[in-house]
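# Chains, contacts and geometry: an overview
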Amino acid sequence: MDFLPRHIEALIFCSPEPLGIKEIQKCLAEMFETEIPMEHLEEALKELTNKYLSDDFSFSLENLAGGYQFLTKPAYLSSVAILQKHQSQKRLSNAQLETLSIIAYKQPITKSEMEQIRGVNCDYSVQKLLEKSLVAIKGKSDGLGRPILYGTSPKFMEYFGINDLSELPQPKDFKAEENEIGNQSD
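Residues numbered from 1 in each chain as written. Predicted model: local features only at pLDDT ≥ 70, side-chain atom pairs only at ≥ 80, totals over all residues. Heavy atoms only, no water.

Before going further, it helps to spend a moment on helix α5 (residues 94-106). Look at α5: 18 Å from first C-alpha to last across 13 residues, which is about the 18 Å you get at 1.5 Å a residue. Those residues of α5 not exposed but buried are Q96, T99, L100, I102, I103 and A104. If you follow the buried residues of α5, they end up packed against β3 (109-110), α6 (111-118), α7 (123-131), β4 (135-140), β5 (148-152) and α8 (154-160). (Helix = DSSP H or I, 4+ residues; strand = E, 2+ residues; numbered from the N terminus. Expected span 1.5 Å × (residues − 1). Buried < 20%, exposed > 50% of the residue type's maximum accessible area, 1.4 Å probe, protein only. Contact = heavy atoms within 4.5 Å.)

Now the structure itself:
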């Protein structure tokens, strides 16, 4: 049963929450089409736990909340905290996504035009999008008060993995759901 620890390791690695031994046993029984004895699972879990105690690994296998999960060792928490801070700065709120999509499709556009489309104030969203360099100031409108015009930046293209604005989805690309509530298929 040398292969057992590797399969258990893969299951725990892929699980977003602590994985219980019964769930591990159920998965492996389906995989191998035979019941795996609980003592073999416990032995493999002990082997894995000892393996990850070594200083060669930045994480360990922990038994918590009724299951097993890989967790970062305390010595590496600072590095992980920095990464999480950077990743949270990359996330966009729904309001920011709405504002950004309006800018992408209607650029160059003024803030008042965005607010007219969204129906709410866009100051905060525009400010955050500027800070994240996803939008840029494209000039000033010839309209009354010469408001600032906004458009997407090269970082916008990188963020969404496109080369040109023409690659943005068009309304024709969205199709209605085939099965809607109330409709019956024969």
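Now that the structure has been shown, the text picks up again.
It is worth spelling out the sheet that holds β3 at this point. Strand order in this open sheet of three strands is β3-β5-β4, and the pairing throughout is antiparallel. At either end of the open sheet lies a strand with only one pairing partner, and these are β3 and β4. Inspection of the sheet shows β3 paired to β5 by two bridges, in the antiparallel sense. From the neighbouring strand, T110 faces β5, where its bridge partner is L149. Against the sheet, α5 contacts β3, β4 and β5, and its axis sits at roughly 95° relative to β5. Contacts from α7 reach β4 and β5, with the element oriented near 110° to β4. (Pairing = 2+ DSSP bridges. Axes fitted to C-alpha atoms, helices over the stretch in contact; angles between N-to-C directions.)

Time to look at the environment of I36. On the secondary structure map, I36 appears in the loop between α2 (21-32) and α3 (38-51). Residue classification places I36 among the buried residues on the basis of a relative accessible area of 2%. Ignoring sequence-local partners within four residues, the contact set of I36 consists of L4, Q25, L28 and L41.

For the structure shown, the criterion picks out six salt bridges. Taking the shortest distance from any N to any O, the salt bridge between R118 and E98 comes out at 2.9 Å. Taken together, the positions of R118 in helix α6 and E98 in helix α5 put the pair 20 residues apart, joining distant regions of the chain. Between K111 and D123 there is a salt bridge; the shortest N-O distance is 2.8 Å. Residue K111 is found in helix α6, and its partner D123 is found in helix α7; the two are separated by twelve residues along the sequence. By relative accessible area, which is 36% here, D123 ends up partly exposed. (Salt bridge = Lys/Arg side-chain N within 4 Å of Asp/Glu carboxyl O.)

With that settled, the discussion passes to the pairing of strand β2 (residues 67-72). Inspection of the sheet shows strand β1 (residues 59-64) paired to β2 by six bridges, in the antiparallel sense. Bridged to L64 within β2 is G67. Between the end of β1 and the start of β2, which pair antiparallel, lie two residues, with A65 showing a positive phi angle near 50°.

Nonpolar side chains collect at one region of the surface, where L97, Y159 and F160 lie side by side and expose about 260 Å² of accessible area between them. Tracing the backbone through its elements, the reader meets Y159 in helix α8. (Patch = residues over 30% accessible without salt bridge, like charges linked within 9 Å, V, L, I, M, F, W, Y side chains within 5 Å. Areas by Shrake-Rupley, 256 points an atom, 1.4 Å probe, with all protein chains shown as cover.)

Together, D2, E39, E42, E43 and E47 make up a region of like negative charge exposed at the surface. Along the chain, D2 falls in the segment before α1 (4-14). What makes D2 exposed here is its relative accessible area of 67%. (Lys, Arg positive; Asp, Glu negative; His and termini not counted. Charge placed at Lys NZ, Arg CZ, Asp CG, Glu CD.)

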